[in-house]
Amino acid sequence: AVVLSSAPGDGARTAALMVLAPEGEEVDGDVEDDLVGTGPEGQPVLSGATPEEGGRLLVDLTRESGFSLTPWRDELEGLRVRAHRAGASLVVLVDRGDEDKLSSSLRDLVVRLHRPDPLAVLAKHLDSRNVPDFSTVHALQGVRAWARTATMGEIEEVARRTSTECREAGYAGTVEDWLGRALEAGEAAPPEDLESVKGRARAILLATSLMEGVPVENLAVGVDLLLSQVSFPEDGTPLLDRPGFQDELRLCGIETRWERRVYLTRAGRARMLRSAFWDAHPRLHASFGQWVDTLVADRSLSPVDRDRIAERWAEQTLRIANHREVLERVEGWSRQRRWTAPQAAVLLTSVLRHDRYGRIGRDFIYSKARNPGLPSEFGQVLVAVCAQELAATHPEQAIVRLHLLAGNRETAVSDAARAELATLSTQSPLYLKILVRV
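Below you will find a few notes about this structure. None of the values given here were measured: they were computed from a predicted structure.

1. Examining helix H16 (residues 341–353)
For H16, with 13 residues, the first-to-last C-alpha span of 19 Å sits near the 18 Å given by 1.5 Å per residue. In terms of burial, H16 is a largely internal element, 11 of the 13 residues being buried. Buried within H16 we find Ala341, Gln343, Ala344, Ala345, Val346, Leu347, Leu348, Thr349, Ser350, Val351 and Leu352.

Right, dumping it as structure tokens:
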């Protein structure tokens, strides 16, 4: 057992996973990191189950995960004893300064994790993605200033965007150019983007930031729906006397490209605008959600366009720490219409991939899968997400949830779950685990 003490952004979770599953040993056993569940009154509780022999256990009790360490003192000591008896490995993550709240036996196991050199981490990520001249990042003044306060997760995300920029540019340019565009794509929108536009132009910018890539006709409808949703005063000017929509788009820095699809002229501006609008108008978050409900149900938009809209809305809603609204829509969109079920799966996948809410998403699937009376469309969404997303990151948990869904009373759900379990059984590391489970 080891307790890793760290500050936010130090990369403690990555370090824990490397301790539990060193390179080359990842397939020997999955890291079990869902030991924290929900009690009968909604409070977090630590699992009292006996660990498997040779198991790999990870418990994250940092304040970023929403936990207070003091009530967990005795439960953690009990888990340490059970892990020791089972010959399991245990890593506990705590915040720097919380070490004194642990039992004496765990205090002796504390290792203080220090923040690695952020530029070295960035260079390593760029190298792993085959970005040329990655070693020169230490000399880039703007990058050095940004890296001083960036978290390890933010550094990895910027490296991923840099790799994308590099490939899309056909490797033309320098690492400074690609990094600059990657950083721009992740920055908050400058205040003038909102202050310099008013009324309908502001609605056009917000709609485009969420709907970028859709045909211009769909954007025009989306703008009108948004104005109606936020109760914008009705414009009495006859339609033919109003400015042309293409003229309005040009004034907002939006262009129409191939297949009449609309894009903001500056790369990365759409994401910046979304963040700025969500931050500037917290009282409109519910209205934004209802607007997205209408867009996702609009069958004149292609499934791919509806997927992008759902993913972008989920990104902002999770960023403002409102995961409950995302999970409510997962169920609502699944039950509402057959053609919105794929977008429900997009929302649930976004939750599972989120550093902070992934565990909550897995708990959500588990609690729903235990109900044998789930409606067919909702159950099939859970099966698809377990098979396509959860199986890649937490295969043992995917097996448990698919096995529960295989007992659903709806034939379409149970048959789909059994088929996915059979598919997973063709992967040698999972074959025995599925046999043990069933």
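2. Section: the pattern of salt bridges
For the structure shown, the criterion picks out 24 salt bridges. Its salt-bridge partner being lysine 101, residue aspartate 98 comes within 3.2 Å of it at the nearest N-O pair. Given a relative accessible area of 5%, aspartate 98 falls into the buried group. Among the salt bridges present, the one from aspartate 247 reaches arginine 250, with a minimum N-O distance of 2.2 Å.

3. Here's the deal with unusual backbone geometry
Backbone geometry places tyrosine 171, a non-glycine residue, at a positive phi of 65°. Along the chain, tyrosine 171 falls in the loop between helix H6 (152–168) and helix H7 (175–186). For tyrosine 171, a relative accessible area of 44% translates into the label partly exposed. Residue arginine 260 is not a glycine yet carries a positive backbone phi of 60°. Position of arginine 260 relative to the elements: it lies in the loop between strand E8 (254–256) and strand E9 (262–264).

Criteria and cut-off values
- Residues numbered from 1 in each chain as written.
- Predicted model: local features only at pLDDT ≥ 70, side-chain atom pairs only at ≥ 80, totals over all residues.
- Heavy atoms only, no water.
- Helix = DSSP H or I, 4+ residues; strand = E, 2+ residues; numbered from the N terminus.
- Expected span 1.5 Å × (residues − 1).
- Buried < 20%, exposed > 50% of the residue type's maximum accessible area, 1.4 Å probe, protein only.
- Salt bridge = Lys/Arg side-chain N within 4 Å of Asp/Glu carboxyl O.

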